[in-house]
Structure formats: C-alpha cells, structure tokens
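# Architecture and fold: a report
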2 protein chains.
Amino acid sequence: MNKIYVVGIGPGEYDQMTIRAARVLESCEVIVGYTVYVDLVKEHFADKIFLSAPMTREAERCRMAFEQAAAGHVTAMICSGDAGVYGMSGLMLQIRTEYPEVDVEIVPGVTAAVSGAAVLGAPLIHDFAVISLSDLLTPWEDIERRILAAAEADFVICFYNPSSRKRRDYLRKACDLILRFRNEDTVCGIASNIGREGETVKICTLRELRDLETDMFTTVFAGNSRTRTVDGWMVTPRGYRTEQKCSKVRTGK
Amino acid sequence: MNKIYVVGIGPGEYDQMTIRAARVLESCEVIVGYTVYVDLVKEHFADKIFLSAPMTREAERCRMAFEQAAAGHVTAMICSGDAGVYGMSGLMLQIRTEYPEVDVEIVPGVTAAVSGAAVLGAPLIHDFAVISLSDLLTPWEDIERRILAAAEADFVICFYNPSSRKRRDYLRKACDLILRFRNEDTVCGIASNIGREGETVKICTLRELRDLETDMFTTVFAGNSRTRTVDGWMVTPRGYRTEQKCSKVRTGK
C-alpha cells in the first residue's frame with residue numbers, strides 16, 4: 001500500500017527526534033516540509049528527495065506529499081516539535097480523503113511545551129493549558145476567553161506563537177488578562193530556539209513577561225499560583241494539598 | 001561535577017524514546033525508576049545498575065538517585081512519557097537543594113497526550129488543557145473547577161490518570177461536568193498502553209465515554225465543539241474561522 005508518514009522531528013537538533021522518527025525518515029524516499037524544518041534535518045538524510053513549501057501554503061504542501069505517496073514513493077511530511085500539537089497531522093488526515101489509496105501513520109515528537117519546560121525546569125508538573133496566540137485562524141475573542149478561563153482555574157499556561165511582526169502586543173494583552181486573576185509576581189518563563197543555535201531561556205515575573213519581546217520561535221510559560229523558583233529553575237509543585245513530608249533520612253547509608 | 005539526568009523515555013517501546021535519551025542512558029552507570037518503567041528499558045541497557053522503588057515512594061526514589069550521583073556515579077532517573085508532565089523533574093529539582101554538588105539535566109520525552117493523540121488521529125491540533133483526575137495530591141474541588149473552565153472555554157481536554165481501583169467513577173464525574181457545556185455527541189477518544197503490548201484505541205461519543213472503564217495506563221481525550229471523525233480518525237480542525245478553502249487543484253501534474 002502507498003504510505004505516508006507525518007513525523008514530529010522534535011525541537012531542532014537531530015538527537016532530539018525519537019529513534020522511530022529517525023528510522024522512519026531513513027525508510028522514506030521523499031521528505032516534505034516547511035523550508036526551515038527541511039533545513040534542520042537535511043544533512044542527516046542526504047540521499048533523500050526533499051520538497052519544501054513556504055509557511056502559509058499548508059494545504060498545497062500536504063497535497064505535494066500525497067502526490068508523491070500516490071505515485072509509489074514512501075513519503076514523510078515533517079513538522080517541528082510534534083506532528084499533532086498545532087501540527088500538520090490534522091490537515092493531512094483531512095486531505096487524505098482525496099487519496100484513499102494512501103495509508104497514513106503519525107509519528108509523534110517532543111513538542112515545544114515539553115522541550116521548553118525541560119530547559120526551564122519543571123513548570124508542567126501539574127495541570128496546564130496550551131494556547132496559541134495566533135489569530136490567523138481563530139478570532140481574538142475566542143483566544144481571550146480561553147486565557148481568562150485558564151487563568152481563573154489556576155492552570156499553568158503555555159503559549160505557542162506568542163507574537164509576530166503583525167502581533168507585537170499579543171503577549172502583553174495575554175499577560176494583562178492573566179493579571180486579573182494572578183499576582184504580578186507569578187513565576188513565568190520563556191524558551192526560544194530550543195535545541196537550536198541561539199537557544200535562550202529566561203525566568204521572570206508575570207509583570208516582566210508583559211514587557212518582553214518574543215518571536216515565533218519562542219514558547220512562553222505562565223506559572224500557576226504555586227509555581228516558584230528553586231535554585232534558578234521554574235518549578236510547579238505536584239499538587240494542591242500540603243506538600244508530602246520529605247523525610248531527611250537518606251537511603252543507602 | 002556529579003551528574004544526574006531526569007529522562008523521559010516516551011510511551012514504552014524503546015524506539016519511541018529520543019536519540020538523546022538513549023545516548024544519555026548509555027552514558028550512565030546507574031538507572032533509577034519506578035519498577036514498571038525500569039522493566040521497559042532494562043533489556044536495552046544490559047550493563048547498567050538498575051535501582052527501582054514502588055509507586056508511592058517518589059521522594060525516596062529521588063534520594064536514592066542523588067545518593068548514587070553524589071557518590072560519583074553518573075545516574076539517570078527515568079520517567080515514562082516526559083520527565084516534566086506529571087513527571088519526576090519537579091521533585092528532583094526540589095530535592096536537589098539537599099545535594100548542591102550534583103548537576104541536574106532534564107531530557108524531555110514524548111508525553112502520553114502526544115503519543116495518544118498520534119494513535120487516535122489529530123485531536124490536539126488546537127488549544128487544549130491537560131488535567132489529571134488523581135485527587136491524591138489535589139482536592140477534587142480544584143479538579144472540578146478546572147474541568148468546568150476547560151469545558152466552558154471549549155478546550156480539547158486530555159485526562160491523565162482517568163481512574164484507578166479507588167476512583168472508578170471519576171471519569172464519569174468528569175464527563176458529567178463537560179456535558180454541562182458540550183453536546184453528548186462530542187467526539188472523544190481513549191488510548192491505552194500506547195506503544196506497549198495491549199495497545200488499545202477507541203473513538204466514541206462523550207455519552208459513551210461516560211460509561212467506559214479505564215485504568216492508570218489510559219489517556220482520555222474529550223474533543224472540543226468542532227472535533228469530528230475523519231475516516232475513523234479523531235480530528236480537531238485548526239481554528240475557529242471558516243475553514244481555509246482547500247482547492248481541489250492537485251500540484252505536480
């Protein structure tokens with residue numbers, strides 16, 4: 001059967017993809033993706049045919065991949081991070097209805113919420129909400145409603161697409177919404193270019209976050225009411241009951 | 001410097017961990033973890049010393065790992081899925097304050113929200129909330145408040161720890177809360193034992209989900225108001241504006 005894989009390649013560096021993702025890409029003849037992501041993996045899969053299309057032409061990119069698969073070439077569509085978290089797997093499954101002869105398999109990867117959390121510390125140890133601040137496909141009122149609900153219910157919030165050239169003040173607007181329910185000293189963090197050249201990590205307060213400049217390669221974390229810093233790391237405790245008693249007795253002695 | 005890694009090993013199968021996670025475990029002398037997770041990786045790292053401790057004794061397990069690192073053995077603490085999403089990285093960073101000579105590095109992995117989404121289709125393409133239904137460390141009222149907020153703001157909701165022997169009816173209670181805001185035909189899905197023997201995937205309605213039995217190895221997904229099935233897959237569209245026009249013109253011809 002004709003086969004297409006939708007593969008999350010993780011945050012950037014080759015070794016942050018799963019072993020399975022690497023094996024799948026190795027098994028393919030054709031790799032399709034957004035130009036930036038293709039450049040991230042190209043050197044590791046030198047004998048493949050690479051096809052890329054720019055950012056806004058997702059449906060076209062998907063059909064490009066299905067055409068290859070339909071012609072009998074085992075094909076992969078790559079996504080940065082995971083294939084499913086704001087990724088291409090949804091559109092791929094929708095467009096697949098035009099190519100019923102092609103079998104789709106989704107290969108998950110490490111999404112930016114998870115890779116960003118790892119460089120900041122442990123912000124996502126408890127319940128969290130993931131919200132994209134891009135209003136390209138979602139009206140701002142819907143985004144606002146989600147931010148308010150997440151802030152009021154004390155979720156840790158992870159923002160994807162916190163800003164772009166056209167949306168410079170969106171992160172500030174988001175912070176102002178959170179501030180209706182949460183203290184301005186709430187511990188927050190940002191991670192940019194995770195696992196790539198120029199990786200930047202910063203822990204700050206919600207008040208400071210409000211004034212930070214970010215870009216589309218930045219993931220933003222707003223802590224919940226109990227998130228704190230521990231030796232410079234951003235850490236959310238595991239629950240809302242009194243902390244488990246951590247006995248000082250050391251084992252192994 | 002003495003070094004300890006907190007490593008997310010992904011859902012289960014060896015090839016679902018990242019290349020980096022495998023390299024890190026290869027570089028360690030000692031691997032510490034909950035018994036079930038140690039058994040998942042043991043055969044692939046045969047020359048290591050494995051230490052395990054049962055489920056409820058997390059702080060003890062962390063100190064066990066730090067004692068090894070403090071004694072000069074490069075050590076890894078492994079977690080299923082990711083190290084940070086309801087994982088051990090938070091407690092490890094808290095307990096590290098007792099072992100300032102040990103350097104901690106967190107190696108992220110594919111968490112169950114992401115691996116479960118991949119076998120179900122593409123439920124997490126748009127904003128989502130992750131909620132644990134375990135009230136071991138969180139009072140039920142707080143969990144309830146989060147479920148209601150997420151349902152009202154139309155997040156896709158991913159539940160971890162949907163039930164256990166002592167909490168058989170928690171998923172049913174959660175569904176009843178969602179039903180206050182969402183149609184009983186809302187598309188939902190469950191994924192059990194992802195990437196392990198006995199992997200099970202089921203797509204159903206919210207009404208049907210209410211009556212399903214789950215266990216601690218199950219991850220549950222409740223779609224948002226626009227989630228639908230596409231050829232048997234669970235798919236959430238990308239946004240809330242009218243769908244982008246998907247021209248039928250095929251490329252490459």
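So, here is what we can say about the structure in this document. (Residues numbered from 1 in each chain as written. Chains lettered and ligands numbered in written order. Predicted model: local features only at pLDDT ≥ 70, side-chain atom pairs only at ≥ 80, totals over all residues. Heavy atoms only, no water.)

## Observations concerning the overall build of chain A
Scanning chain A from terminus to terminus reveals eight helices and 13 strands. Dimensions of chain A along its principal axes, counting C-alpha atoms only, are 60 × 55 × 30 Å. In chain A, which comprises 253 residues, the share counted as buried stands at 62%. Working note: accessible area of chain A is about 9,900 Å², and carbon and sulfur atoms make up 48% of it. Charge-centre separation for chain A: the mean point of 31 positive side chains lies 6 Å from the mean point of 34 negative side chains. (Helix = DSSP H or I, 4+ residues; strand = E, 2+ residues; numbered from the N terminus. Buried < 20%, exposed > 50% of the residue type's maximum accessible area, 1.4 Å probe, protein only. Areas by Shrake-Rupley, 256 points an atom, 1.4 Å probe, with all protein chains shown as cover. Lys, Arg positive; Asp, Glu negative; His and termini not counted. Charge placed at Lys NZ, Arg CZ, Asp CG, Glu CD.)

## Structural notes on the interface of chain A and chain B
Of the residues lining the interface, 84 residues belong to chain A; the matching set on chain B comes to 83 residues. Both sides together, the interface formed by chain A and chain B hides about 7,500 Å², and carbon and sulfur atoms give 58% of it. In this structure, the connection of chain A to chain B is made through eight salt bridges. A salt bridge links B:Asp231 to A:Arg96; the nearest nitrogen and oxygen atoms lie 3.2 Å apart. (Contact = heavy atoms within 4.5 Å. Buried area = accessible area lost by both parts, 1.4 Å probe. Salt bridge = Lys/Arg side-chain N within 4 Å of Asp/Glu carboxyl O.)

## So, the state of the cysteines
All names here are of chain B. Going through the model one piece at a time under the given rule, you end up with zero disulfides over all chains. In this structure Cys175 is not part of a disulfide, and its nearest cysteine sulfur, from Cys188, lies 6.4 Å away. Sulfur of Cys204: no disulfide; nearest cysteine sulfur belongs to Cys188 and is 5.7 Å away. Assessed through its relative accessible area of 5%, Cys204 is described here as buried. (Disulfide = S-S within 2.5 Å.)

## A few points about empty space enclosed by the protein
Under the defined criterion, the tally for this structure stands at three cavities of 30 Å³ or more. In this structure, the second largest cavity spans a volume of roughly 70 Å³. In this structure, the second largest cavity is lined by 13 residues; those nearest its centre are A:Thr111, A:Val114, A:Phe128, B:Thr111 and B:Phe128. At the level of secondary structure, the elements contributing two or more residues to the lining of the second largest cavity comprise α5 (112–120) and β7 (128–132) of chain A together with α5 (112–120) of chain B. In the lining of the second largest cavity, the residues fall into eleven nonpolar, two polar and no charged. (1 Å grid on protein atoms, 1.4 Å probe; cavity = no way out; pocket = protein on both sides within 12 Å on 5 of 7 lines; lining within 4 Å. Points joined across faces, edges and corners; volume = space filled by probe spheres on them. Nonpolar A, V, L, I, M, F, W, Y, C, P; charged D, E, K, R; others polar.)

## Considerations on the relation of the copies chain A and chain B
If you rotate chain A by 180° and push it 0.0 Å along the axis, it lands on chain B with an RMSD of 0.0 Å. What we have between these two chains is a two-fold relation. Mapped onto chain B, 99% of the interface residues of chain A are again interface residues, and the two copies thus contact each other with one and the same surface. (Least-squares fit on C-alpha atoms with pLDDT ≥ 70 in both.)

## Digging into the sheet that holds strand β6 (residues 121–122) of chain B
Residue and element names in this part refer to chain B. An order of β6-β13-β12 is seen for the three strands of this open sheet, with the pairing classed as mixed. Two strands close off the open sheet at either side, each with one partner strand: β6 and β12 (228–230). One ladder, built from two bridges, connects β6 with strand β13 (residues 233–235); its direction is parallel. Residue Gly121 lies in a different strand from β13, and its bridge partner there is Met234. (Pairing = 2+ DSSP bridges.)

## Overview of the sheet that holds strand β4 (residues 75–79) of chain B
Residue and element names in this part refer to chain B. Spatially, five strands are ordered β3-β2-β4-β1-β5 in an open sheet, and the strand pairing comes out parallel. Strands with a single pairing partner mark the edges of an open sheet, and in this sheet they are β3 (49–53) and β5 (102–107). Strand-to-strand twist in this sheet, taken as the mean axis angle between neighbours without regard to direction, amounts to 20°. Judged from the three bridges that link them, strand β2 (residues 30–34) and β4 form a sheet pairing that is parallel. (Axes fitted to C-alpha atoms, helices over the stretch in contact; angles between N-to-C directions.)

## Some remarks on helix α1 (residues 19–27) of chain A
For α1(A), the set of buried residues is A:Ile19, A:Arg20, A:Ala21, A:Ala22, A:Val24 and A:Leu25. In this structure, the buried side of α1(A) is in contact with β1 (2–8), β2 (30–34), β4 (75–79) and β5 (102–107) of chain A together with α1 (19–27) of chain B.

## What to know about the packing of helix α6 (residues 140–152) of chain B against helix α7 (residues 170–178) of chain B
Residue and element names in this part refer to chain B. Following both chains from N to C, one finds α6 and α7 inclined at 40°, their axes separated by 9 Å at the closest point. Here α7 runs oblique to α6, going by the angle between their axes. Helix-helix and strand crossings are classified by hand; for α6 and α7 the assignment is right-handed. For the pair α6 and α7, the contacting residues are Trp140, Glu144, Ile147, Leu148 and Ala151 in the first and Tyr170, Lys173, Ala174, Leu177 and Ile178 in the second. Residue classes in the contact of α6 with α7 are distributed as eight nonpolar, no polar and two charged. (Parallel < 35°, antiparallel > 145°, perpendicular 65-115°, else oblique. Left-handed = near helix turned anticlockwise from the far one by under 90°.)

## Section: the pattern of salt bridges
Overall, the coordinates contain 36 salt bridges over all chains when judged by the stated rule. B:Glu213 is the salt-bridge partner of B:Arg168, the closest N and O atoms lying 3.3 Å from each other. Residue B:Arg168 is located in the loop between β8 (156–160) and α7, and its partner B:Glu213 is located in the loop between α8 (206–209) and β11 (218–222); the two are separated by 45 residues in the primary sequence. Per residue, the accessibility class of B:Arg168 equals that of B:Glu213, and both read exposed. Through salt bridges with shared partners, a single network forms among A:Lys3, A:Arg20, A:Asp103 and A:Glu105.

## What about the packing of aromatic side chains?
Residue and element names in this part refer to chain B. This structure, assessed with the given rule, holds ten aromatic pairs over all chains. Ring centres of Tyr14 and Phe45 lie 6.1 Å apart, and the angle between their planes is 55°; on these two criteria the pair is classed as tilted. Taken together, the positions of Tyr14 in the loop between β1 (2–8) and α1 and Phe45 in the loop between α2 (35–41) and β3 put the pair 31 residues apart, joining distant regions of the chain. When its relative accessible area of 24% is taken as the criterion, Tyr14 is described as partly exposed. Residue classification places Phe45 among the buried positions, given a relative accessible area of 1%. Each ring, one from Tyr34 and one from Tyr37, has its centre 5.1 Å from the other, and the planes form 80°; the classification is edge-to-face. (Phe/Tyr/Trp six-rings, centres within 6.5 Å; stacked < 30°, edge-to-face > 60°.)

Shape descriptors only; they carry no functional weight alone.
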